[in-house]
Amino acid sequence: MKKNGNESGEGTGKGKDPATTKAELRRRAEAQMPVPPRNLPANTGEPKSDIDAQRMLHELQIHQIELEMQNAELQEWRDRAEVLLEKYTDLYDFAPVGYFSLDEQGRILEANLTGSVLFGVERSRLFSQTLHRFVDMSSRPVFREFLRKVFDEPGNQVCEVQLLKEDGNPFWASLHGDSEVSADRSKKACRVVVSDITVFKLAQDAQRHVETLSVSNAELKKEILRRQAVEDSLKTSELHQRQLLEQSRRQQQQLRTLSHRILQTREEERKRISRELHDVITQTLVGIKLHLDALSREATVNPKMLKQRIARTQRLVEKSVEIVHRFAVELRPTSLDDLGLILTLKAFLADFMKWSGIRVHFKTFAGVDQLNSDLRTTLYRIVQAALANVSEHSHASHVTVAISQMAESVQLEISDDGEAFDVERALLARRRKPLGLIGMRERVEMMGGEFTVESEPGRGTTIRAQMPLSPPPPPPT
């Protein structure tokens, strides 16, 4: 930086008398003239106008030097003022606290960089916004009272409020404010200093928490002593609890046994009814049909009318035979025991595709008919129940039924391309439909297997039942 007059011992005379300063400046300007005024001729015989002209030129030169010296000093002071302004700007913008100038409505007139960083907003966007916008709703009454005191009461005002950053994250701040009046006293404004005291607040909360923990610790010690007494009391009844638990397990096992027997009894009853319908009722209806055929051949009185009546009776009997046969198949198809699971399922699936219009792809392994009777029955009933659900609820167009043999188990997988559903809700629902998901799960668990259902929008529903090849041992009675 250039040396100013004060540093060289020849200052501009700041603080001196104006007349003295002007005389000193004149002396310094004359000292820099190439021809001092004393070298001018006192009486040269030249015309007076020429001498006056020289003196005027001399004065102009001195005045020019004075102006140049003043300009140099002004430039030096301007440089020093810029340095001071830069220092002030650094101190203002990068202060550890936020500085804000507010009007009476709380609008932001000025702000430093630290203040804009506190709120996470560019400084240019802060201007003309109200500081209320960054105050949390719970702290706004406190902030309004603080602003009122700043403008109405003398002295520095202080408060603590919760502020919000631009992204909505809150922080605690301490506000110090004091009013100021503009130079023309036409507008009121105030300076507010904002300090982030979140850490301090957290420390206070931690201190309170420590004090609370101390009280809780004392209470906890008392609780520990009480629980130790309770524990001693519980130990005396541990044997009784074990007995109750064992009794509960036995009762649960008995309930499972009862459920197993109910399902077995139901299946045996279906088998008995199916054979009875097939062997007795169907044969009786066929005999009626044969007698009617003989009657139609022997009719002599009004043979035309008699034949029409007999024909209608035959059609009714044929329809009855068909209904009884279908009823017997639904209860338990005799082909399941006579022809095996594969042929029975193929016949069932063909009939299902015929009346439902849903395509079914079936695949299995050759040894499926060598499975035990209970396992084959369970597989058939699950397929029957699953396809009933598909036709009634899923609105599917294609179903895949696959039976495969694993290492020591057999797996049945039924997939469709229909609508999805809430599996957990369906399994928890208390429905009385024997062919529902709950019935399928009970059948699989009765065979010692695992039953799962997966249903996702756009991917349909898949039912998997995996059961061991060897039947589980009967539960103890």
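Parameters and conventions
- Residues numbered from 1 in each chain as written.
- Predicted model: local features only at pLDDT ≥ 70, side-chain atom pairs only at ≥ 80, totals over all residues.
- Heavy atoms only, no water.
- Helix = DSSP H or I, 4+ residues; strand = E, 2+ residues; numbered from the N terminus.
- Buried < 20%, exposed > 50% of the residue type's maximum accessible area, 1.4 Å probe, protein only.
- Contact = heavy atoms within 4.5 Å.
- Areas by Shrake-Rupley, 256 points an atom, 1.4 Å probe, with all protein chains shown as cover.
- Pairing = 2+ DSSP bridges.
- Axes fitted to C-alpha atoms, helices over the stretch in contact; angles between N-to-C directions.
- Parallel < 35°, antiparallel > 145°, perpendicular 65-115°, else oblique.
- Nonpolar A, V, L, I, M, F, W, Y, C, P; charged D, E, K, R; others polar.
- Polar contact = N/O pair within 3.5 Å; in protein donor to acceptor, adjacent residues only side chain to side chain.
- Phe/Tyr/Trp six-rings, centres within 6.5 Å; stacked < 30°, edge-to-face > 60°.
- Lys NZ or Arg CZ within 6 Å of the ring centre and 35° of its normal.
- Core = buried A, V, L, I, M, F, W, Y, C linked by side-chain atoms within 4.5 Å.
- Expected span 1.5 Å × (residues − 1).
- Left-handed = near helix turned anticlockwise from the far one by under 90°.
- pLDDT = per-residue confidence, 0-100.

Asks: Give me the lowdown on the overall build of the chain, citing residues and values where you can.
Replies: When its secondary structure is counted, the chain shows 14 helices and 10 strands. Burial analysis of the chain (477 residues in total) assigns 31% to the buried set. A separation threshold of at least 6 residues defines the contact pool for the chain, and within that pool the share at least 24 residues apart is 56%. Of the roughly 31700 Å² of accessible surface on the chain, a fraction of 54% belongs to carbon and sulfur atoms.

Asks: Can you tell me about the sheet that holds strand β7 (residues 398-405), naming the residues and giving the values?
Replies: Read from one edge to the other, the open sheet built from five strands follows the order β6-β7-β8-β10-β9, with strand pairing classed as mixed. Each having just a single partner strand, β6 (359-363) and β9 (450-456) make up the two edges of the open sheet. Direction aside, neighbouring strands of the sheet carry axes that sit 10° apart on average. Sheet topology note: the strand β8 (residues 409-416)/strand β10 (residues 460-468) ladder contains eight bridges and is antiparallel. By the bridge assignment, isoleucine 414 is partnered in β10 with isoleucine 463. The strands that helix α14 (residues 437-446) touches are β9 and β10; relative to β9, the one it contacts most, it runs at about 145°.

Asks: Run through the packing of helix α11 (residues 341-356) against helix α12 (residues 373-394), naming residues and quoting values.
Replies: Where α11 meets α12, the axes come as close as 11 Å, and the angle between the chain directions of the two elements is 10°. Taken together, the axes of α11 and α12 are roughly parallel relative to one another. Between α11 and α12, the residues in contact are Leu341, Thr344, Leu345, Phe348, Leu349, Phe352 and Trp355 and Arg376, Leu379, Tyr380, Val383, Gln384, Leu387 and Ser391, respectively. Looking at side-chain class alone, the contact of α11 with α12 contains 10 nonpolar, three polar and one charged residues.

Asks: Residue-level account of the side chain of threonine 462, with values.
Replies: Mapped onto the secondary structure, threonine 462 falls in strand β10. In this structure threonine 462 comes out as buried when scored by relative accessible area, which is 13%. Polar side-chain contacts of threonine 462 include one of 3.3 Å to the side chain of serine 415. Contacts of threonine 462, omitting those with residues within four sequence positions, involve Glu413, Ile414, Ser415, Thr452, Val453 and Glu454.

Asks: Lay out the packing of aromatic side chains with the relevant residues and their values.
Replies: Counting across every chain of the model gives seven aromatic pairs. Plain terms: the ring middles of phenylalanine 348 and tyrosine 380 are 5.9 Å apart, the flat faces sit at 65° to each other, and that makes the pair edge-to-face. With phenylalanine 348 in helix α11 and tyrosine 380 in helix α12, this pair connects stretches of sequence that are 32 residues apart. Across this residue pair, the class does not change: phenylalanine 348 and tyrosine 380 are buried. Lying across the ring of phenylalanine 171, lysine 165 places its NZ or CZ 4.9 Å from the centre. Cation over ring: lysine 201 sits above tryptophan 172, and NZ or CZ is 4.6 Å from the ring centre.

Asks: Mind laying out the nonpolar core, listing which residues take part and the relevant values?
Replies: If you look at soluble globular proteins, the nonpolar side chains tend to sit buried side by side. Formed by 41 residues in total, the largest nonpolar core has its most connected members in Val383, Ile403 and Leu412. Of all the elements in the fold, those that place two or more residues in this core are α11, β6, α12, β7, β8, α14, β9 and β10. Ranked by the residues each element gives to this core, the list is headed by α12, at nine residues. Of all hydrophobic cores here, the second largest spans 25 residues; its members include Ala111, Val150, Val161 and Phe171.

Asks: Tell me about the side chain of threonine 461, residues and numbers included.
Replies: With respect to the helices, strands and loops of the structure, threonine 461 is situated in strand β10. Classification of threonine 461 as buried rests on a relative accessible area of 6%.

Asks: Before we move on, could you go through α12 and cite the residues and values that matter?
Replies: Taking 1.5 Å of rise per residue, the 22 residues of α12 would be expected to cover 32 Å, and the 30 Å separating its terminal C-alpha atoms lies within 8% of that figure. Its side-chain oxygen 3.2 Å from the backbone nitrogen of aspartate 374, asparagine 372 forms the N-cap of α12. Histidine 395 lies just past α12 and shows a positive phi near 55°.

Asks: For the packing of α12 against α14, give the residues involved together with the corresponding values.
Replies: Axis separation between α12 and α14 bottoms out at 10 Å; the angle between their running directions is 165°. As far as their axial angle goes, α14 and α12 are roughly antiparallel. Relative to α14, the crossing made by α12 is left-handed. Of α14, the residues touching α12 (which contributes Thr378, Arg381, Ile382, Ala385, Ala386 and Asn389) are Leu437, Met440, Arg443 and Val444. In terms of residue class, the contact of α12 with α14 is built from six nonpolar, two polar and two charged.

Asks: So, the confidence of the model for the chain: which residues are in play, and what are the values?
Replies: Confidence in the prediction for the chain averages 78 pLDDT; 71% of positions are at 70 or higher. Low pLDDT, under 50, characterises residues 430-435; the predicted model gives this stretch seven contacts beyond four residues in sequence or across chains.

Asks: An account of unusual backbone geometry is requested, with residue identities and associated values reported.
Replies: Within the chain, histidine 395 stands out as a residue other than glycine whose phi angle is a positive 55°. Locating histidine 395 in the fold gives a position in the loop between α12 and β7.

Asks: An account of the environment of isoleucine 65 is requested, with residue identities and associated values reported.
Replies: Its place among the elements puts isoleucine 65 in helix α3 (residues 48-93). Considered as a pair, isoleucine 65 and arginine 28 are 37 residues apart in the sequence and their alpha carbons are 9.0 Å apart.

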